Amino acid sequence: MAQNGLKRPTEIHPPSIRYTLLDSSLRLDLSYTVVGPLKIMQSFGKYVLIDHISSGGMADVYRAKVQGIRGFTKTVAIKRIHEHLLERTRFLRMFTDEAKIASRLVHPNIVQIYDLGEVESMPFIAMEYVSGRDLYRVLKRLAAMNRKFPWRLATLVISDVCTGLHYAHDFCSPDGQPQEIVHRDVSPRNVVLAYDGDVKLTDFGVARARDREEHTEHGVIKGKVRYISPEGAKGETVDRRSDIFSLGIVLAEMLTMAPLRDAPNEMVMLLDIRKGYFDRGRIDELPEALRTVIDRAIATDPDDRYPTAAAMRDDLLSRVDAATQPMTKAEVATFMHALFTDDIEREKRSDHKAEQDLVKEMQELADEASGKSIPNQVEMPTEGNPLNIFGGREPGPVAIPARANEIEPEAPPDLIGDLMNQSLCSLFHWLAESREDGRLDLIREPVRKSIYFEEGHPIFATSNIESERFGEFLVADGQLSREQHAEVLDFAARKGMRFTEALLALDVCTPNQLFTSLGAQVRDRIHDLFTWIAGSFEFYHDAKPVDPVLPLNLRSHTLIHEGIQERLPLGVVRKIMREAFQREVVRCGSGIPADLHLSGRQLRIVRTIEDERPTVAELVQREKDEEWIFRLIYMLAQIERVELVEAAN
Ligand SMILES: Nc1ncnc2c1ncn2[C@@H]1O[C@H](COP(=O)(O)OP(=O)(O)O)[C@@H](O)[C@H]1O
Ligand SMILES: [Mg+2]
């Protein structure tokens, strides 16, 4: 692309995080470090810890963000061993062993380990963050509400955990050696249900594998007592059938909402378990099919149990009927959302805040580094307002007349500017209203995203970020496993096909699914742009995508609505709107674009504005929801349907 004397935003950060495939597992490249101080949240190496998730026997688990180039963040879970255990080499070894064993396991039903690292000699594990709740907390919440655990969810959980377990049990080293991995701590706390319906097994902290040194630990009992197998309780060597036993106990607990074992203390409980005793009466009420599965899973003699987790799953699935057939992923999502509405909201808010703080932090650094002066760019009047929506009408983007006959791709942009002066919303709005054709590039080195417009609406978006490749999107979305992804890439390379063509050729997805996913990804790429508050843009009038594109039916104003309501950092909106708090909101421009899809409540506010010219403060007072009003008014101002004027008196 021709530079044409344009100055890109100063690059002050090291390259973005790179995801590299090592040992077939996804790892984070450690060469990256966060620059600068992070005031609000605790910075931990290259991670920023946002929330404390849990404090278990051995470790603390946090939700954390890892930051790439400005605005690009990824959520991970960080597990770090309790400080007081650091001197105990046994625990330290267990901790690093967990990372070593689990990092080799790549499976949709197992929490993926990314990295074993160290910050100030404190080892930590970085892993896939599962936005959800562990089974223990699901059971607890249901119990508090006096509700039963749905049978259909129980069968899904068991069948998914069986699938993950079987994969781990059968896992072989690259040279084909069976690793004989045993989890040894299959229990409700170690099964996480994602809000979106995934079921994942975590915590291989006491797992055993063939190459794990164990001679110093003979006779030591691993795992939570309530779920332990008789052979485990005796301190004998355990194999995969011990995990099957524990899973049987978990199944019984889910179905009966009561422990299968009860004893005054753990010692008595252990003795009971060694004798193979537990209260079978508690499962008498269950449907015969489920009882049969439990009975076989928790047989005292391992030889009487299912030989493999896959056998347990298959037997369970062959016995289910309409009342017990596993929930679908969508049903689990609905269930989880209903059960944890408050937690989901809280997480969203804290996420929002974290993102916003990070963006702010990075912005301050960028400002410092660049001295705030960005020469050679189209100057827009800003009057102290970063996103330029108040203080009367501003000109639209300044058009640089296109030079005649210059249509080759190297042609300079027809329009350039800075996102600090010209918000993405106002750009989208301007493109829609003037029904532009062409390509809008959004640039924050080294990221460049291009959105192609036809008649003012996006038809396609591309990005140079690795994690935004379509394949990565499908993996993140759970539509493609890592292995399938690699296969498709390999196939495409061998046949000289495009990735999407290979997907279809290999029958990995139908054209219809491909279409839906592409639309979702393009939308995702565009949504992400609304979190940017710094960067520059270039517009290439009449530029067309190289490849023909599918009609994705995206509408500029709909994207503005989604972007402002869901992605734009609250801090940005708040800063601008607080400054305008005492101003009157005055309706202007033509009708509200239908594509904006205002809700009934939002339309009611528009009518109030038309009738009463209220101030922002009055609207907030009336609706009792500052953020909601701020976002709505900000949006209407961005699309030039309201103005904010100084109150007359
Ligand atoms: N990757 C993750 N994503 C979300 N929550 C997690 C994740 N890993 C663990 N948790 C939560 O943290 C708790 C403790 O983690 P775990 O690895 O089991 O540590 P411990 O060894 O202390 O038991 C789990 O019970 C679960 O609720
Ligand atoms: Mg655990």
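Residues numbered from 1 in each chain as written. Chains lettered and ligands numbered in written order. Predicted model: local features only at pLDDT ≥ 70, side-chain atom pairs only at ≥ 80, totals over all residues.

With respect to the overall build of the protein chain
Then, in step 1: Counting its secondary structure elements, the protein chain contains 20 helices and 18 strands.
Then, in step 2: When each of the 649 residues of the protein chain is scored for burial, the buried share is 38%.
Then, in step 3: For the protein chain, long-range pairs separated by at least 24 residues make up 69% of all intrachain contacts whose partners lie at least 6 apart in sequence. (Helix = DSSP H or I, 4+ residues; strand = E, 2+ residues; numbered from the N terminus. Buried ≥ 20, exposed ≤ 12 C-beta atoms within 10 Å, placed from the backbone. Contact = placed C-beta atoms within 7 Å.)

Some thoughts on helix H8 (residues 309–319)
Then, in step 1: Within the span of H8, buried status applies to Ala 309, Met 312, Arg 313 and Leu 316. Down the axis of H8, the buried side of the element spans an arc of 95 degrees, and every buried residue falls inside it. (Arc of directions from axis to C-beta.)

A word on the sheet that holds strand S11 (residues 199–201)
Then, in step 1: Here we have 3 strands laid out as an open sheet, ordered S9-S10-S11, and antiparallel in their pairing. Taken across any chain shown, the strands that pair with only one partner, and hence form the sheet edges, are strand S9 (132–134) and S11. With direction set aside, neighbouring strand axes in the sheet form an average angle of 25 degrees.
Then, in step 2: Across the sheet, helix H2 (residues 135–144) is in contact with S9 and strand S10 (191–194); its angle to S9 comes to roughly 90 degrees.
Then, in step 3: Of the strands in this sheet, S10 and S11 touch helix H3 (residues 151–169), which is tilted by about 45 degrees from S11. (Pairing = 2+ DSSP bridges. Axes fitted to C-alpha atoms, helices over the stretch in contact; angles between N-to-C directions.)

Observations regarding the site of ligand 1
Then, in step 1: Ligand 1 sits among 21 residues. The nearest are Ser 54, Gly 56, Ala 77, Asp 134 and Asp 203.
Then, in step 2: Elements supplying a minimum of two residues to the shell around ligand 1: strand S4 (47–55), strand S5 (59–67), strand S6 (73–81) and strand S8 (122–128).
Then, in step 3: A per-class count over the shell around ligand 1 returns 10 nonpolar, 6 polar and 5 charged. (Near = placed C-beta within 6 Å. Nonpolar A, V, L, I, M, F, W, Y, C, P; charged D, E, K, R; others polar.)

A closer look at the packing of helix H7 (residues 288–297) against H8
Then, in step 1: For the pair H7 and H8, interaxial distance at closest approach is 9 Å and the crossing angle is 165 degrees. Of the possible angle classes, the one that applies to H7 and H8 is roughly antiparallel. Every pair of crossing elements has a handedness; the one defined by H7 and H8 is right-handed. Taken together, the residues of H8 that come into contact with H7 (itself represented by Ala 289, Thr 292, Val 293 and Ala 297) are Met 312, Asp 315, Leu 316 and Arg 319.
Then, in step 2: Each residue belonging to the contact of H7 with H8 can be placed in one class, and the counts come to 5 nonpolar, 1 polar and 2 charged. (Parallel < 35°, antiparallel > 145°, perpendicular 65-115°, else oblique. Left-handed = near helix turned anticlockwise from the far one by under 90°.)

Topic: the pairing of S10
Then, in step 1: By the bridge criterion, 3 bridges tie S9 to S10 in an arrangement that is antiparallel. Among the inter-strand pairings, Gly 132 is bridged to a residue of S10, identified as Ala 194.
Then, in step 2: Linking S10 back to S11 in an antiparallel pair, the connection comprises 4 residues, with Gly 197 at a positive phi of about 105 degrees.

A look at the confidence of the model for the protein chain
Then, in step 1: Taken as a whole, the protein chain shows an average pLDDT of 79; of its residues, 81% reach a score of 70 or greater.
Then, in step 2: Between the elements of the protein chain, mean pLDDT differs from a low of 22, seen in strand S1 (residues 19–22), to a high of 98, seen in S10.
Then, in step 3: Throughout residues 213–219 the model reports pLDDT below 50, and contacts reaching past four residues in sequence, or to other chains, amount to 2 contacts.
Then, in step 4: This stretch, residues 372–409, has a pLDDT under 50; its non-local contacts, to residues over four places away or in other chains, come to 52 contacts. (pLDDT = per-residue confidence, 0-100.)

Section: the sheet that holds strand S14 (residues 447–454)
Two orientations exist for strands paired in a sheet by backbone hydrogen bonds: parallel and antiparallel.
Then, in step 1: One open sheet holds the 5 strands; their spatial order is S12-S16-S13-S14-S15, and the pairing between them is antiparallel. The open sheet has two free edges, formed respectively by strand S12 (415–418) and strand S15 (457–463), since each of these has just one partner strand. Averaged over all adjacent pairs, the angle separating strand axes in this sheet is 20 degrees, with direction ignored.
Then, in step 2: Packing against the sheet, helix H15 (residues 511–529) makes contact with strand S13 (438–444), S14 and S15, and its axis sits at approximately 85 degrees to S15.

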